[in-house]
Each structure stands twice: as structure tokens, then as C-alpha cells.
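Remarks on the overall topology
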Amino acid sequence: MHNKDNKNIILTGFMGTGKTTVGKLLAKKLQREFIDTDALIETRQGRTIQAIFAESGEAAFRQMETDIARELGEKEGLVISTGGRFMLNPANIQVLSNSWIFCLVAAPEELVARLTRDKENRRPLLDVPDPGERIIALLQERQKGYQRFIQITTDNKPPEDVAKILLEHITHNS
Ligand code: S3P
């Protein structure tokens, strides 16, 4: 079923690295369908991620992510932007291993600035008295997990440039 040129393209990386923005641009360039796993979960659940965490707990949300990973692993030709922890779960990696997987990276100071500024997309994990401290702790905890994927630095690069870099990478390595 899977043909090499049509492999799913998955974007992972910490919250605030631009996965959704870059994923949308890339999908447009490649004329592919775009999926954002957080948005898909919210649509299916009919409630926000924040509400899911508050009402059902983080474990329930992680199970929803795993169900979606399984489902997407059966498809091809997609550009998929994932929630920040989605691709750190070995079960999710396993069902999506036949994909291009890129990890978007940004400097910790930049992430703290972006995420504490972003009041629109509320992240339940950062709903703590000192979100800056939590960001640094989570980055440290997740560093090893993210490092298994191809790293794409986004510092000082507009999303359009990041999408171009991904496209070049795919074209040169297909
Ligand atoms: C999370 C990241 C969020 C969302 C949820 C948990 C995480 O997605 O899935 O709030 O654990 O890193 P973004 O990375 O798109 O913000």
C-alpha cells in the first residue's frame, strides 16, 4: 500500500515551534491533505484540548492521540502536524514509522517568549504559576525523545523558509 514518494510527512517538536503553520504551508506546496492532530481531536470530541485535560485527564488525551496515530498509519499522502508529545510515544512512532518525520526546533528563550505571549492557544501543561520554568523542564525531559528525528532549526526563519527547507530535504532524499 505504501509507495515511497507518497509517504506521510509528519512534523513533531515542542509546543510553539510552528508545526501547524509550517505544516499547512508544506501541504499547500505539495497539494496534499493537511491534518493537525490537536484540531482533529478537538473536532471529534467537540471540545477543546483544555476541556479534555480538565474533564477527562491527560491520560485520556494521550489515548486519543494513540487512536489517531493508528488511524493515520493506515493512510498515505498526508502532511500531519502533531501535538508536542505525540511522537514521543513509542506506540505512535511504531505505527507511523514509514513516514518522513521532522522535528522543528527553536531556542528555549524563543519558545518561552512565544508561548507566554500566545494567549489564544491555551496549553494545559503550561497553565502553572511559572510557565517559563515548566517549558525549560519539559524541554529537558523530552530532548532525547525529539533527537531521534531529523532536526530542523527554525530560529529567525519565517515559516515559508522552513517549509522550503523541508521540501528540499524530501526532494533530495527521495
Ligand atoms: C502538548 C502539546 C499541545 C497539545 C497538548 C499537549 C504537549 O500541542 O497536544 O496541549 O504535551 O506538548 P502543540 O505542540 O501543538 O501546542
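Residues numbered from 1 in each chain as written. Predicted model: local features only at pLDDT ≥ 70, side-chain atom pairs only at ≥ 80, totals over all residues. Heavy atoms only, no water.

At a closest axis distance of 10 Å, the pairing of helix α2 (residues 37–45) and helix α4 (residues 58–73) adopts a crossing angle of 110°. Accordingly, the angle class assigned to the pair α2 and α4 is roughly perpendicular. On α4, the residues that touch Thr-37, Asp-38, Leu-40, Ile-41, Arg-44 and Gln-45 of α2 are Phe-61, Met-64, Glu-65, Ile-68, Glu-71 and Leu-72. (Axes fitted to C-alpha atoms, helices over the stretch in contact; angles between N-to-C directions. Helix = DSSP H or I, 4+ residues; strand = E, 2+ residues; numbered from the N terminus. Parallel < 35°, antiparallel > 145°, perpendicular 65-115°, else oblique. Contact = heavy atoms within 4.5 Å.)

Within the element layout of this structure, Ile-10 appears in strand β1 (residues 8–13). Here the alpha-carbon distance between Ile-10 and Val-79, two residues 69 residues apart in the chain, equals 6.0 Å. Not counting residues within four places of it along the chain, the set of residues in contact with Ile-10 comprises Ile-80, Thr-82, Met-87, Leu-96, Ser-99, Trp-100, Ile-101 and Phe-102.

On to the site of the ligand, then. Taken together, the neighbourhood of the ligand is formed by 13 residues, with Lys-19, Asp-38, Arg-62, Arg-123 and Arg-142 sitting nearest. Take Arg-123: an N or O atom from its side chain is 2.8 Å from an oxygen atom of the ligand. Burial of the ligand by the protein amounts to 96% of the accessible area it has alone, namely 390 Å². In this structure, the ligand is accommodated by the largest pocket. For the shell around the ligand, the residue count by class is 5 nonpolar, 2 polar and 6 charged. (Near = heavy atom within 4 Å. Polar contact = N/O pair within 3.5 Å; in protein donor to acceptor, adjacent residues only side chain to side chain. Areas by Shrake-Rupley, 256 points an atom, 1.4 Å probe, with all protein chains shown as cover. 1 Å grid on protein atoms, 1.4 Å probe; cavity = no way out; pocket = protein on both sides within 12 Å on 5 of 7 lines; lining within 4 Å. Sits in = over half its atoms within 2 Å of the grid points. Nonpolar A, V, L, I, M, F, W, Y, C, P; charged D, E, K, R; others polar.)

Next up on the list: the pairing of β1. Judged by how many residues are buried, β1 sits mostly within the fold: 6 of 6 residues are covered. Burial along β1 is two-sided: Asn-8, Ile-10 and Thr-12 facing one way and Ile-9, Leu-11 and Gly-13 facing the other are all buried. Across 3 bridges, β1 lies against strand β3 (residues 78–81) in parallel orientation. In the sheet register, Leu-11 faces β3, and the bridge partner there is Ser-81. (Buried < 20%, exposed > 50% of the residue type's maximum accessible area, 1.4 Å probe, protein only. Pairing = 2+ DSSP bridges.)

Below, the discussion takes up the pattern of salt bridges. The tally for this structure, following the rule as stated, stands at 8 salt bridges. Between Lys-29 and Glu-160 there is a salt bridge; the shortest N-O distance is 2.6 Å. Placement of Lys-29 in helix α1 (residues 19–30) and of Glu-160 in helix α8 (residues 159–173) is noted, with a sequence separation of 131 residues between them. With relative accessibility at 32%, the residue Glu-160 sits in the partly exposed group. Where Arg-62 meets Glu-58, a salt bridge forms, and the shortest distance between an N and an O atom there is 2.9 Å. Pair noted here: Arg-62 and Glu-58 are both in helix α4, with a separation of 4 residues, about one helical turn. Here Glu-58 falls in the partly exposed class, since its relative accessible area comes to 32%. (Salt bridge = Lys/Arg side-chain N within 4 Å of Asp/Glu carboxyl O.)

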